[in-house]
Structure formats: structure tokens, C-alpha cells
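Fold and geometry: a report
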Amino acid sequence: LSTYYAHLERKPDVRAGQKVKAGDIIGTVGMSGNAKGTQPHLHFEVRRKKQILNPLTYFSKSNIVKTAKKS
């Protein structure tokens, strides 16, 4: 499995193959790439080889934080 992060504020502070654990901060949301002009957000994917998988199957409901949209 691999993970993919897009639209971060800057390049992640981890390297390919580096192990991370729950709670480690690896990046902050931003508007990079083709997200310029949008609200800061994170595009996150879990992949097996080239297949994109549903990332929610890899997290327990208690670990998912929902944030309210600011008006």
C-alpha cells in the first residue's frame, strides 16, 4: 500500500518508505497544484499498485475527525 497527498502547503516532511505512526504530522493542508484559488484542503488517496482504494476502510470511525466549513 502507498498513500498519496496533494494540495499540501509544502512538500511533506517524510520520505518514500519512511515509517510513520498515528499522530505523526506529515504535512499541512494548502492550495498547491491545480487547487490554486480554492479553499485549503487535502486530497488523500490510498493505493495498491496503481489502483485507488477507499481510504475510509483503513481508519476506524473514532480516528476520523470531521471539521465544519467556515462561513
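Below is a summary of the structure that appears in this document. (Residues numbered from 1 in each chain as written. Predicted model: local features only at pLDDT ≥ 70, side-chain atom pairs only at ≥ 80, totals over all residues. Heavy atoms only, no water.)

1. A closer look at the overall build of the chain
Each helix and strand in the chain was counted, giving 0 helices and 3 strands. The helix and strand sequence of the chain, counted from the amino end, reads β-β-β. Considering the chain as a whole, with its 71 residues, one finds that 13% of them fall into the buried category. Restricting the contact set of the chain to residue pairs at least 6 apart, pairs at least 24 apart contribute 45%. On the chain, roughly 6600 Å² of surface is accessible, and the fraction owed to carbon and sulfur atoms is 55%. (Helix = DSSP H or I, 4+ residues; strand = E, 2+ residues; numbered from the N terminus. Buried < 20%, exposed > 50% of the residue type's maximum accessible area, 1.4 Å probe, protein only. Contact = heavy atoms within 4.5 Å. Areas by Shrake-Rupley, 256 points an atom, 1.4 Å probe, with all protein chains shown as cover.)

2. Some points on the pairing of strand S2 (residues 43–48)
The pairing of strand S1 (residues 2–6) with S2 spans 5 bridges and is antiparallel. Pairing of Ser2 across the sheet is with Arg47, part of S2. Pairing geometry for S2 and strand S3 (residues 51–53), over 3 bridges, is antiparallel. Looking across to S3, one finds that Arg48 is bridged to Gln51. Between S2 and S3, which pair antiparallel and follow one another directly, the connecting turn spans 2 residues, one of which, Lys49, has a positive phi of 55°. (Pairing = 2+ DSSP bridges.)

3. Regarding the pattern of salt bridges
Across all of its chains, the model carries 3 salt bridges by this definition. Linking Arg10 and Glu9 is a salt bridge whose minimum nitrogen-to-oxygen distance equals 3.9 Å. The class for Glu9 is exposed, based on a relative accessible area of 54%. A salt bridge links Lys21 to Asp24; the nearest nitrogen and oxygen atoms lie 3.4 Å apart. The exposure class of Asp24 is partly exposed, given its relative accessible area of 34%. (Salt bridge = Lys/Arg side-chain N within 4 Å of Asp/Glu carboxyl O.)

4. A closer look at the environment of Tyr5
Secondary-structure assignment places Tyr5 in strand S1. Along the primary structure Tyr5 and Leu42 are separated by 37 residues, whereas in three dimensions their C-alpha atoms are 6.8 Å apart. Among residues more than four places away in sequence, those in contact with Tyr5 are Ile26, Leu42, His43 and Phe44.

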